[in-house]
Amino acid sequence: MGVEVPDNEGAQDTGVIGPAAAAVAIIGVLVGGSILSAPVETLSLSKTGPASDALSISPSSPSPALTRGPSPTDLPVIASDQGASAKTVVSPEMVVKFKVDTRVKPIIDQFWKNPAAARKAFLDLRAKRPDLSGLKLDRVTYSNELVLVPDATSKKSTGAKEMREMARKLMKSPDIEYAEVTMTAHPGGNK
């Protein structure tokens with residue numbers, strides 16, 4: 001004995017019932033799981049007075065095993081990566097893009113092969129451009145940008161405020177497309 005379903009010639013299966021049923025099933029599992037994981041309270045019945053018909057229903061305290069979570073000593077401890085300190089240092093960086101990168105293209109190309117030689121070539125460029133003084137080459141990007149950081153050997157201190165002022169001055173140069181200061185966090189401090 002089966003149930004016959006009439007064939008409707010104009011009816012089309014839109015494929016909505018399957019995903020909708022799956023969504024309802026998922027929601028049911030989530031709601032059911034949250035209900036099952038909630039602390040269970042037991043009810044206690046007690047007589048409230050001389051009349052035997054009057055009963056009071058009050059929740060008793062939940063079981064300590066269900067309400068108590070793990071103690072802090074039971075939780076795993078996350079170890080520092082390779083003994084690095086938890087101190088984080090934030091340092092400014094300046095990303096500089098030249099409009100015509102013929103002056104910096106040799107530095108960028110050389111950086112991928114020999115970073116030390118590229119940094120020396122940047123120092124030669126910096127000697128010709130006073131607007132780059134106090135900066136040193138940290139790295140280059142695949143977009144032919146120079147990432148510059150304050151030069152620790154410079155006589156003047158260069159913080160974020162000074163870097164923004166330097167970027168503003170660089171933007172006035174006709175051969176600079178952009179100069180943007182960013183702050184980068186270095187976990188574990190400077191090593």
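Refer to the structure presented above.
Predicted model only: the values in this text are computed from it and were never measured.

### What about the packing of helix α3 (residues 105-113) against helix α4 (residues 115-128)?
Here comes step 1: Two elements in contact, α3 and α4, have axes whose closest approach is 6 Å; the angle formed by their N-to-C orientations is 155 degrees. Considering their axes alone, α3 and α4 lie roughly antiparallel with respect to each other. Where α3 abuts α4, its residues I107, Q110, F111 and K113 lie against P115, A117, A118, R119, A121, F122 and L125.
Here comes step 2: Along the lines of polarity and charge, the residues of the contact of α3 with α4 split into eight nonpolar, one polar and two charged.

### Topic: unusual backbone geometry
Here comes step 1: Despite not being glycine, N144 has its phi angle at roughly 60 degrees, a positive value.
Here comes step 2: The residue N144 is located in the loop between β4 (135-140) and β5 (146-150) in this model.

### Notes on the pattern of salt bridges
Here comes step 1: Summed over the entire model, instances satisfying the criterion amount to seven salt bridges.
Here comes step 2: A salt bridge links K105 to D109; the nearest nitrogen and oxygen atoms lie 3.1 Å apart. Placement of the pair is K105 and D109 together in helix α3, with a separation of four residues, close to one helical turn.
Here comes step 3: K105 gets classed as partly exposed once you look at its relative accessible area, which sits at 32%.
Here comes step 4: Notably, a salt bridge pairs R129 with D175, separated by 2.5 Å at the nearest N-O pair.

### Looking at the pairing of β4
Side-chain direction in a regular strand flips from residue to residue, so the side chains alternate between the two faces of the sheet.
Here comes step 1: Relative to β5, β4 runs antiparallel, the two being bridged by five bridges. Pairing of L137 across the sheet is with L148, part of β5.
Here comes step 2: Between the antiparallel neighbours β4 and β5 lie five residues, among them N144 with a positive phi of about 60 degrees.

### A closer look at the environment of Q110
Here comes step 1: Along the chain, the position of Q110 falls in helix α3.
Here comes step 2: Setting aside residues no more than four positions away along its own chain, Q110 makes contact with P115, A117, A118 and A121.

### So, the nonpolar core
Here comes step 1: M94, V96, F122, L137, L146 and L148 are the most contacted members of the largest nonpolar core, which has 22 residues in total.
Here comes step 2: Of all the secondary structure elements, the ones that give two or more residues to this core are β3 (88-98), α3, α4, β4, β5, α5 (160-171) and β6 (176-187).
Here comes step 3: For this core, the element with the highest residue contribution is α5, accounting for four residues.
Here comes step 4: Beyond its immediate chain neighbours, meaning those up to four positions away, L148 contacts E93, M94, V96, F122, L132, L135, K136, L137, D138 and M163.

### Quick word on α5
Here comes step 1: In this model, α5 (12 residues) spans 16 Å end to end at C-alpha, consistent with the 16 Å of a helix rising 1.5 Å per residue.
Here comes step 2: Those residues of α5 not exposed but buried are A160, M163, M166, A167 and L170. Down the axis of α5, the buried side of the element spans an arc of 115 degrees, and every buried residue falls inside it.

### Details of α4
Here comes step 1: Taking 1.5 Å of rise per residue, 14 residues should cover 20 Å, and α4 covers 20 Å from first to last C-alpha, within 8% of that figure.
Here comes step 2: Along its buried surface, α4 packs onto α3, β4 and β5.

### With respect to the side chain of N144
Here comes step 1: A relative accessible area of 18% means that N144 is categorised as buried.
Here comes step 2: With sequence-adjacent residues up to four places away left out, N144 is seen in contact with K97, D101, K105 and I108.

### Here we look at the packing of aromatic side chains
Here comes step 1: In total, this model carries two aromatic pairs according to the counting rule given.
Here comes step 2: On the basis of an interplanar angle of 5 degrees and a centroid distance of 4.8 Å, the ring pair of W112 and Y142 is categorised as stacked. Of the two residues, W112 sits in helix α3 while Y142 sits in the loop between β4 and β5, which places them 30 residues apart along the sequence.
Here comes step 3: Taking the relative accessible area as the measure of exposure, W112 reaches 43% and is therefore partly exposed.
Here comes step 4: Classification of Y142 as exposed rests on a relative accessible area of 77%.
Here comes step 5: Following the ring pairs from residue to residue traces out a cluster consisting of F111, W112 and Y142.

Conventions we followed
Residues numbered from 1 in each chain as written. Predicted model: local features only at pLDDT ≥ 70, side-chain atom pairs only at ≥ 80, totals over all residues. Heavy atoms only, no water. Axes fitted to C-alpha atoms, helices over the stretch in contact; angles between N-to-C directions. Helix = DSSP H or I, 4+ residues; strand = E, 2+ residues; numbered from the N terminus. Parallel < 35°, antiparallel > 145°, perpendicular 65-115°, else oblique. Contact = heavy atoms within 4.5 Å. Nonpolar A, V, L, I, M, F, W, Y, C, P; charged D, E, K, R; others polar. Salt bridge = Lys/Arg side-chain N within 4 Å of Asp/Glu carboxyl O. Buried < 20%, exposed > 50% of the residue type's maximum accessible area, 1.4 Å probe, protein only. Pairing = 2+ DSSP bridges. Core = buried A, V, L, I, M, F, W, Y, C linked by side-chain atoms within 4.5 Å. Expected span 1.5 Å × (residues − 1). Arc of directions from axis to C-beta. Phe/Tyr/Trp six-rings, centres within 6.5 Å; stacked < 30°, edge-to-face > 60°.

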